[in-house]
Every structure is written in structure tokens, then in C-alpha cells.
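# Structural overview for review
The chain contents come next:
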Amino acid sequence: MVTGLARPANRCSRWWLLLVVLAGCAADLDFLPGLLFNDPNRFHHGPSHSLLAAVLFGAGVSALGQALPLPRGSGRLAALIYASHLLGDWLAADDGAPFGIPLLWPFSMEYFISPVTVFSNFHHGTAGAGLTAVLANIFSMHNLAAVALEVALLLPLLVLVQWWRAFVNPSDRRGR
Ligand SMILES: [Zn+2]
């Protein structure tokens, strides 16, 4: 599992994978409403990149958990994964104002970015750029290098978690 989190019982594993992927990407679905205006960046790094959005996403998953075969605590976990996206964006370089993300929206309109950025910025066009220009930016060598940097930085963490499970704390291998 890409998150290094324990997988639940087989009965849930398909929903579990969907939940992890969706929770990790949900904040960036704010590109979609901009497509209606041929300006995908119009709403990007808005309210969906706030801690409140992470809490609401988790609450939504909790409510859905009544209908889907999700393990207990899925809502909290979904909120945590959602928040990890915010942490990644906060740690990433940003070359377009406003810099960072509105973590405390709607209580504060301030944008936050780490004083020391760890990850590279991800090119996705500038404000007002149409879909074609945005796609050309997304599928660029710069972004390939940005993804490679993230993998290089995060893969050792994942390996460490797997090693912990296998050798240091085998009782943590539940649900595998
Ligand atoms: Zn994002």
C-alpha cells in the first residue's frame, strides 16, 4: 500500500484502495469546476486545501461507512490522508501568488507555505491558461522530475514502515 498503512480484511480491500487514492487526491479535484470556464486553475488551492475540508471529507466518509463495507475508523483515516495531501502541498515550492494553501479557511484567508520547501513545485499552467496549455504543462519533464523527487524522498519512509512491520513489530501486520 502506497501509504504504508495497514490494509483491512479482504472483504474491504477494493473499497479501501479506492478510499486511500481518493482521499489522497480529493483536494486537487478543485481543478474540475474551472474546466467549465476553460480555466482549470481558477479554483485551485482554494477552500479544498484547508483543514476544514479534511475534516468534512472524513465526516463524509464516516457517513458513507454506514453503507459501504469500510472498516471502523475509516473517516478519521480518510481525514488524515486528506491532510497529508495538505502537508505535501505546504512543503512544496510554489512559484505563483498567492503562495501556499489557505490552511485555516474560512477562519483566515491567509495562505501558508513552509519556510523550507522540500518538494518541487508542480507545473499546471498559470491563472487563465486554457485546458490545452495546462495539460501541456502537466505532462512536462519538469513535473516528471518533481514526481521522481517525491518518490526518492518518500520511498525510504515506506520501506522503513514495511521493515518495521516485518521485523520490529510483526503484530502490526493485521489485515494482510
Ligand atoms: Zn493540492
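To start, this report covers the structure provided alongside it. (Residues numbered from 1 in each chain as written. Predicted model: local features only at pLDDT ≥ 70, side-chain atom pairs only at ≥ 80, totals over all residues. Heavy atoms only, no water.)

### Here's the deal with the overall build of the protein
Condition: Secondary structure is summarised from DSSP: a helix means a run of H or I of at least four residues, a strand means a run of E of at least two, and numbering begins at the N terminus for each. Buried, partly exposed and exposed residues are distinguished by accessible area as a fraction of the type maximum, computed with a 1.4 Å probe on protein chains only: under 20%, between the cut-offs, and over 50%, respectively. By definition, residues are in contact when any of their heavy atoms lie within 4.5 Å.
Of regular secondary structure, the protein possesses 6 helices and 0 strands. The order of helices and strands in the protein, counted from the N terminus, is α-α-α-α-α-α. Burial analysis of the protein (176 residues in total) assigns 31% to the buried set. At a minimum sequence separation of 6, the contacts of the protein that also span at least 24 residues come to 60%.

### What to know about the packing of helix H3 (residues 51–64) against helix H4 (residues 74–90)
As a reminder, the rule being used: Here, axes are lines fitted to C-alpha atoms. For helices the fit covers the stretch in contact, and angles between N-to-C directions go from 0 to 180 degrees. For classification purposes, angles smaller than 35 degrees are called roughly parallel, those larger than 145 roughly antiparallel, those between 65 and 115 roughly perpendicular, and all remaining angles oblique. Should the near helix be turned anticlockwise from the far one by less than a right angle, the crossing is termed left-handed; should it be turned clockwise, right-handed.
It is at 7 Å that the axes of H3 and H4 come closest, and there the two elements cross at 150°. Here H3 lies roughly antiparallel to H4, going by the angle between them. Our pair here, H3 against H4, has a crossing hand that is right-handed. Together, Leu51, Ala53, Ala54, Phe57, Gly58, Val61 and Ser62 of H3 and Ser74, Gly75, Ala78, Ala79, Tyr82, Ala83 and Leu86 of H4 make up the contact between the two elements.

### Digging into the coordination of the zinc ion
Inclusion rule: Here the coordinating atoms are restricted to nitrogen, oxygen and sulfur within 2.8 Å of the metal centre, or 3.2 Å for Na, K and Ca, and because water is not among them the sites may look incomplete. Here the metal geometry follows the donor angles, with tetrahedral for four donors whose angles all fall between 85 and 135 degrees, square planar for four and octahedral for six when opposite donors are more than 155 degrees apart and every other angle is between 65 and 115, and irregular for all the rest.
The coordination sphere of the zinc ion contains the protein donors Asp28 (OD), His49 (NE2), His85 (NE2) and Asp89 (OD), at a distance range of 2.0 to 2.3 Å. If you look at the zinc ion, its 4 donor atoms make angles of 85 to 167° with each other, and the shape they trace is irregular.

### Concerning the packing of aromatic side chains
Any two aromatic rings considered together are summarised by their centre-to-centre distance and by the angle between their planes. Definition in use: Only centres within 6.5 Å qualify two rings of Phe, Tyr or Trp (six-membered ring in Trp) as a pair; their planes then separate them into stacked at under 30 degrees, edge-to-face at over 60, and tilted for everything else. Working rule: Lys NZ or Arg CZ, within 6 Å of ring centre, within 35 degrees of ring normal, means a charge sits over the ring.
Counted under the stated rule, the structure contains 2 aromatic pairs. On the basis of an interplanar angle of 40° and a centroid distance of 5.2 Å, the ring pair of Phe57 and Tyr82 is categorised as tilted. Note that Phe57 is positioned in helix H3 and Tyr82 in helix H4, a separation of 25 residues in sequence. Phe57 sits in the buried class, given a relative accessible area of 18%. The class for Tyr82 is buried, based on a relative accessible area of 4%. Here the basic side chain of Arg42 rests over the ring of Phe37, its NZ or CZ set 4.2 Å away from the ring centre.

### Quick word on the pattern of salt bridges
Definition in use: Salt bridge, as applied in this entry: a Lys or Arg side-chain nitrogen positioned within 4 Å of an Asp or Glu carboxyl oxygen.
Under the criterion given, the structure shown has 1 salt bridge. The closest approach of N and O atoms between Arg42 and Asp39, which form a salt bridge, is 3.5 Å. Judged by relative accessible area, which is 44%, Arg42 ranks as partly exposed. For Asp39, a relative accessible area of 10% translates into the label buried.

### Re the nonpolar core
Formally: Remark: nonpolar core denotes a set of buried residues (Ala, Val, Leu, Ile, Met, Phe, Trp, Tyr, Cys) joined through side-chain atoms within 4.5 Å.
Ranked by internal contacts, the top residues of the largest apolar core, which has 18 residues, are Leu19, Phe57, Val61, Ala78, Tyr82 and Leu86. Contributing elements (two or more residues each) for this core: helix H1 (10–25), H3 and H4. Ranked by residues supplied to this core, first place goes to H4 with 5 residues. Apart from the residues within four sequence positions on either side, Leu19 is in contact with Val61, Leu70, Ser74 and Ala78.

### Comments concerning unusual backbone geometry
A cis amide bond links Ala97 to the next residue, Pro98, at an omega of -5°. In this structure, Pro98 sits in the loop between H4 and helix H5 (131–138). Here the amide bond leading from Trp105 into Pro106 is cis, since omega sits at 0°, within 30 degrees of zero. Examined against the element boundaries, Pro106 turns out to sit in the loop between H4 and H5. Positive phi values are uncommon outside glycine, yet Asn38 reaches one of about 50°. Phi is positive for His45, close to 60°, though the residue is something other than glycine. Inspection of the secondary structure puts His45 in the loop between helix H2 (32–35) and H3.

Coordinates in, geometry out; function isn't part of it.
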